[in-house]
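Summary of structural features
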Amino acid sequence: VSERGEDTDLSVFESVWTNARIATAKDGDTDLVSIIENGAVAINNGRIVWIGRTKDLPIHKVDSGTVIHDCMGSLVTPGLVDCHTHLVFGGNRSREFELRLQGETYEQIARSGGGIASTMDSTRNTSSAELEHQACRRVLGLMHEGVTTLEIKSGYGMDVDQELRLLEVINKISKVMPVRIVRTLLGLHALPSEFSGHRDQFVKVICEELLPTAISRDLVDLVDAFCESIAFTSEECSRFFQKAESFGIPVRVHADQFSDGGGAELAAEHSAISADHLEYTSEDGVIAMARSGTAAVLLPGSFYYLKEKQIPPIDSFRKYGVPLVLATDANPGSSPVFSILSAINMGCVLFGMTPEEAFVGVTRNAAAALGLQSEIGTLEVGKIADMAVWELEHPRELAYWVGVNPCREVIVGGDRIHLSVTDRWTLDGQKG
Ligand SMILES: [Zn+2]
């Protein structure tokens, strides 16, 4: 397979990555995953300007100023995208983990004041600096595994001031870390105890105060809501989404995780860019998602930790052409999984996705679940040069190994990021 980019740019290449086995994750390839053997990628201004076989590289565009990286046969893929995380929080819920192992259910723990409410308390009692410090370490862990874009949701503040504080923390992380971060306001996550018996009032505060203020401070890229019997009804989520739509902010939904609450249909009604979890989604829900172009984000980490039994309707998603996506759902309660490679493995072993579907599910389709498909998610001319270099031969190995991190290099916007074991990072000093 050889593919040549359009030769419209006459300048020399700033950097070239050569001798790579390139898995582009591009749409339209005959196989889900096609490999460019002995390939090369050329980068200018942070974007891919040429990709193809190394032997076809336009050599007149390479001069003494071009930085050449020899991949020595390593696999190069798009940087991975973790499109669903809740990684800004205080405390942890390891005690609940023990209780669940003794037989208590997530719902029982949630209804007795544990669950999300306990993380709300510990998050409210943690300083912004400490939240930021802990979250940055989690982000670095994901970057070590080739993640170059991730989404972070607020949601553990649960009142106007606290949610704004979390969004400020997320915004700060997006500015200081060398990674692309999408900021999501998870406005309806759980009802805080101070509003118990006043659900309507709470939803109103979120819609009328929190959302407009957060948007006016430019802290929100997407919104999300938890549509579930232990969280918020379809109608309540709908009010929130309508408000977001009036500001032009795209929506996502935590849908049908523990029961079929019509979450997929709700997502489709609001043309959500994704619906997430989906264990109990009906065939009608799948069809609605296919019609609205809503991606299915599957989160095997929480399925695994909660020892759930019902897997999402993968065959229906395939049948109706709904894009399949995988993410960590990194959070302290239901999915203390801060490893995209583990999520890929679980997606295959627990949900029956193929390794190729899983690969596309953390690259091209995950980019689409964040509305970023025109910028990232595949390696092709014009896209941002977000890449990962692996000591692997084929992307299927991303799903195969457990407890091994084969990621050798992470490149964000053409810049090689140095990630050391001491969790300090630096840019390379020069582009490339
Ligand atoms: Zn979640």
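As shown above, the structure is provided for reference.
Note that the structure is predicted; figures quoted are calculated from it, not measured.

The next point concerns the coordination of the zinc ion. Distances from the zinc ion to its protein donors, His84 (NE2), His86 (NE2), His254 (NE2) and Asp329 (OD), fall within 2.0 to 2.5 Å. Donor residues binding the zinc ion come from one chain and are separated in sequence as H-x1-H-x167-H-x74-D. With relative accessibility at 2%, the residue histidine 86 sits in the buried group.

Summed over all chains, the structure comprises 23 salt bridges. When the shortest N-O distance is used, the salt bridge between glutamate 375 and arginine 47 registers 2.8 Å. One end of the pair, glutamate 375, is in the loop between helix 14 (364-369) and strand 14 (387-390); the other, arginine 47, is in strand 3 (residues 47-53), with 328 residues separating them in the sequence. Taking the relative accessible area as the measure of exposure, arginine 47 reaches 29% and is therefore partly exposed. Between lysine 383 and glutamate 380 there is a salt bridge, and its shortest N-O distance comes to 3.7 Å.

Locating lysine 153 in the fold gives a position in strand 7 (residues 147-153). Side-chain polar atoms of lysine 153 contact the side chain of glutamate 151, separated by 2.7 Å. There is a polar contact of 2.7 Å between the side chain of lysine 153 and the side chain of aspartate 224. Sequence-distant contacts of lysine 153, defined by excluding residues within four places in its chain, comprise His84, Thr85, His86, Ile170, Thr184, Leu186, Asp224, Arg252 and His254.

A few words on the sheet that holds strand 9 (residues 222-227). Across the sheet, 8 strands lie side by side as 6-7-8-9-10-11-12-13; this open sheet has parallel pairing. The open sheet is flanked by strand 6 (80-82) and strand 13 (324-326), the only strands paired with a single partner. When the angles between neighbouring strand axes are averaged without regard to direction, this sheet yields 25°. Two elements, strand 12 (residues 295-298) and strand 13, share 3 bridges in a ladder whose sense is parallel. Across the sheet, the residue bridging to alanine 296 is leucine 324, located in strand 13.

A few words on the packing of helix 5 (residues 160-176) against helix 6 (residues 199-216). Between two packed helices, the angle of one axis relative to the other and the distance separating the axes together describe the packing. Two numbers describe how helix 5 lies on helix 6: the axes approach to 10 Å, and their chain directions differ by 35°. For the pair helix 5 and helix 6, the sense of crossing is right-handed. Residues Val160, Glu163, Leu164 and Leu167 of helix 5 pack against Val205, Glu209, Leu210, Thr213 and Ala214 of helix 6. For the contact of helix 5 with helix 6, the per-class residue count stands at 6 nonpolar, 1 polar and 2 charged.

The element strand 7 is extensively covered by neighbouring structure, given that 7 of its 7 residues are classed as buried. Taken together, the 3 bridges between strand 6 and strand 7 define a ladder with parallel strand orientation. Within strand 7, the residue paired with valine 81 across the bridge is threonine 149. The pairing of strand 7 with strand 8 (residues 180-188) spans 5 bridges and is parallel. By the bridge assignment for strand 8, threonine 149 is matched with arginine 180.

The rules behind these values
Residues numbered from 1 in each chain as written. Predicted model: local features only at pLDDT ≥ 70, side-chain atom pairs only at ≥ 80, totals over all residues. Heavy atoms only, no water. Donors = N, O, S within 2.8 Å, 3.2 Å for Na, K, Ca; no water. Buried < 20%, exposed > 50% of the residue type's maximum accessible area, 1.4 Å probe, protein only. Salt bridge = Lys/Arg side-chain N within 4 Å of Asp/Glu carboxyl O. Helix = DSSP H or I, 4+ residues; strand = E, 2+ residues; numbered from the N terminus. Polar contact = N/O pair within 3.5 Å; in protein donor to acceptor, adjacent residues only side chain to side chain. Contact = heavy atoms within 4.5 Å. Pairing = 2+ DSSP bridges. Axes fitted to C-alpha atoms, helices over the stretch in contact; angles between N-to-C directions. Left-handed = near helix turned anticlockwise from the far one by under 90°. Nonpolar A, V, L, I, M, F, W, Y, C, P; charged D, E, K, R; others polar.

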